[in-house]
Amino acid sequence: MNTPLNSKTLKQHFAYSWWKYLLVALIAFGLVDLLYTMTAYRSPANKKVEFYVYGMMEQEKLTTYMEKVRTTEMEDMEVMTPLQLMNDSYYGPMQLMTYMAASEGDVYLLSRDEFVTLAAQGSLLPLENDKELMALFDQAGINLQNGWRKDNETGESHLCGIPQNKVPGLSQYAYATDGYLCIPVTSANEENALKFLRILCRDTLK
């Protein structure tokens with residue numbers, strides 16, 4: 001015999017089965033969120049520049065600065081954003097390696113220890129062949145000797161990073177312990193990473 005549908009039976013039903021409706025609602029929400037995540041538009045690698053800071057960062061100032069650069073000098077970029085990495089001795093290096101292995105991040109500000117390690121492994125892009133970048137520092141009479149490092153595998157020395165103390169204006173946006181600006185060889189947007197690095201150095205020489 002069918003149970004009559006009335007207020008009493010409905011109350012009993014919901015009293016014992018409310019969790020089923022909650023579960024269905026949560027699953028539905030999760031599926032919608034997953035679908036959105038999978039189908040949402042993402043800028044291609046050649047249309048974005050990401051600046052990763054392994055240290056301290058002024059989020060609002062740096063975001064505003066990068067957006068200004070994008071709209072005035074790098075209009076072909078869809079997105080230019082900063083990201084602060086965990087600044088600790090355990091999780092920080094793990095996060096850093098994960099991002100680089102995934103080809104995420106185009107320009108990095110690294111602490112000296114991380115910079116030296118990655119440079120020795122040949123993981124950082126040589127900068128000495130970028131004529132515009134070199135002319136910028138040559139004209140200012142700035143020596144970048146501390147940025148030169150030896151690749152342990154090839155035995156060759158390259159300019160792997162720009163010492164932070166050579167671009168003192170950078171401290172208003174970001175700071176790392178004895179930091180270095182560099183570009184990982186894993187960058188998926190090397191040309192525009194170099195362009196942004198040149199602009200950043202130009203704007204922070206003083």
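Description of the structure in this document. Owing to the predicted nature of the structure, the values given are computational and were not obtained by experimental measurement. (Residues numbered from 1 in each chain as written. Predicted model: local features only at pLDDT ≥ 70, side-chain atom pairs only at ≥ 80, totals over all residues. Heavy atoms only, no water.)

**Considering the nonpolar core**
Going by this rule: Definition used in this section: a nonpolar core is a set of buried Ala, Val, Leu, Ile, Met, Phe, Trp, Tyr and Cys residues joined via side-chain atoms within 4.5 Å. We call a residue buried when its accessible area falls under 20% of the maximum for its residue type, exposed when it is over 50%, and partly exposed in between, using a 1.4 Å probe and counting protein chains only. Only DSSP runs of H or I reaching four residues or more are called helices, and only runs of E reaching two or more are called strands; each is numbered from the N terminus. Contacts between residues were defined by any pair of non-hydrogen atoms, one from each residue, lying within 4.5 Å.
Of all hydrophobic cores here, the largest spans 37 residues; its most connected members are Phe51, Tyr65, Phe137, Ile162, Leu181, Phe196 and Cys201. The set of elements that each furnish at least two residues to this core consists of strand 1 (48-53), helix 2 (59-72), strand 4 (107-110), helix 5 (131-139) and helix 6 (190-204). Here the element with the most residues in this core is helix 6; it accounts for seven residues. In this structure Cys201 touches Leu133, Leu136, Phe137, Ile162, Val167 and Leu181, once residues within four positions along its chain are discounted.

**Points about the packing of aromatic side chains**
Given two aromatic rings, one states the distance between the centres and the angle between the planes to describe the pair. Where we set the bar: Each Phe, Tyr or Trp ring (for Trp, its six-membered ring) is paired with any other whose centre lies within 6.5 Å, and the angle between the two planes then decides the class: stacked below 30 degrees, edge-to-face above 60, tilted in between.
As enumerated under the stated definition, the model contains five aromatic pairs in all. Taken together, a centroid distance of 5.0 Å and an interplanar angle of 65° make the contact between Tyr52 and Tyr99 edge-to-face. In this pair, Tyr52 is assigned in strand 1 and Tyr99 in helix 3 (residues 91-101), connecting sequence segments 47 residues apart. Per residue, the accessibility class of Tyr52 equals that of Tyr99, and both read buried.

**As for a negative patch on the surface**
Threshold: Surface patches are drawn from residues lacking salt bridges whose relative accessible area is over 30%; two like charges belong together within 9 Å, two nonpolar side chains (Val, Leu, Ile, Met, Phe, Trp, Tyr) within 5 Å. All accessibility values rest on the Shrake-Rupley procedure with a 1.4 Å probe; residue burial counts only the protein chains present in the view. Here, a salt bridge means any side-chain nitrogen of Lys or Arg that lies within 4 Å of a carboxyl oxygen of Asp or Glu. None of His or the chain ends enter the tally, which takes Lys and Arg as positive and Asp and Glu as negative. By convention, the charge on Lys lies at NZ, on Arg at CZ, on Asp at CG and on Glu at CD.
Taken together, Glu75, Asp76, Glu190 and Glu191 make up a surface patch of like negative charges. One can find Glu191 in helix 6. Its relative accessible area of 64% is what places Glu191 among the exposed residues.

**Comments concerning the pattern of salt bridges**
Any two side chains of opposite charge can pair, so long as their charged atoms come close to each other. Under the counting rule described, the total for this entry stands at six salt bridges. What you see here is one network of salt bridges that share partners, running through Glu73, Arg202 and Asp203.

**Thoughts on a nonpolar patch on the surface**
Together, Met86, Tyr90, Tyr91 and Met94 give the surface a local cluster of nonpolar side chains, amounting to about 460 Å² of exposed area. Mapped onto the elements, Tyr90 comes out in the loop between strand 3 (79-84) and helix 3. Tyr90 gets classed as exposed once you look at its relative accessible area, which sits at 54%.

**Here's the deal with the sheet that holds strand 1**
The pairing of strands in a sheet happens through backbone hydrogen bonds and is either parallel or antiparallel. For clarity, the cut-off: Here the rule is simple: two strands pair whenever DSSP picks up at least two bridges between them. Simply put, an axis is a line fit to the C-alpha atoms, just over the touching stretch for a helix, and the angle between two N-to-C directions goes from 0 to 180 degrees.
With mixed pairing, five strands are arranged side by side in an open sheet as 3-1-4-9-7. Of all strands in the sheet, those bounded by a partner on one side alone are strand 3 and strand 7 (162-163). Sheet strands touched by helix 6: strand 1, strand 3, strand 4, strand 7 and strand 9 (180-182). Its angle to strand 1, the strand with the most contacts, is close to 55°.

**Re helix 2**
Under the convention used in this document: Working rule for helices: expected span equals 1.5 Å times residues minus one. In this description, one arc is meant: the one made by directions from the helix axis to the C-beta atoms.
Its 14 residues place the ends of helix 2 20 Å apart at the C-alpha level, agreeing with the 20 Å of an ideal helix rising 1.5 Å per residue. Buried within helix 2 are the following residues: Leu62, Tyr65, Met66, Val69 and Arg70. One side of helix 2 carries all its buried residues, which in axial view fall inside an arc of 140°. Of the exposed residues in helix 2, those oriented more than 90 degrees away from the buried face are Glu60, Thr64 and Lys68. Among the structural elements, strand 1, strand 2 (56-57), strand 3 and helix 6 are those in contact with the buried residues of helix 2.

**Section: the pairing of strand 1**
Most of strand 1 sits out of view: five of its six residues are buried. Sheet analysis places strand 1 next to strand 3, joined by six bridges and oriented parallel. When the sheet's bridge partners are listed, Tyr52 is paired in strand 3 with Leu83. Here strand 1 pairs with strand 4 via three bridges, running parallel. Bridge pairing links Phe51 to Val107 in strand 4.

Nothing here speaks to function; it is all geometry.
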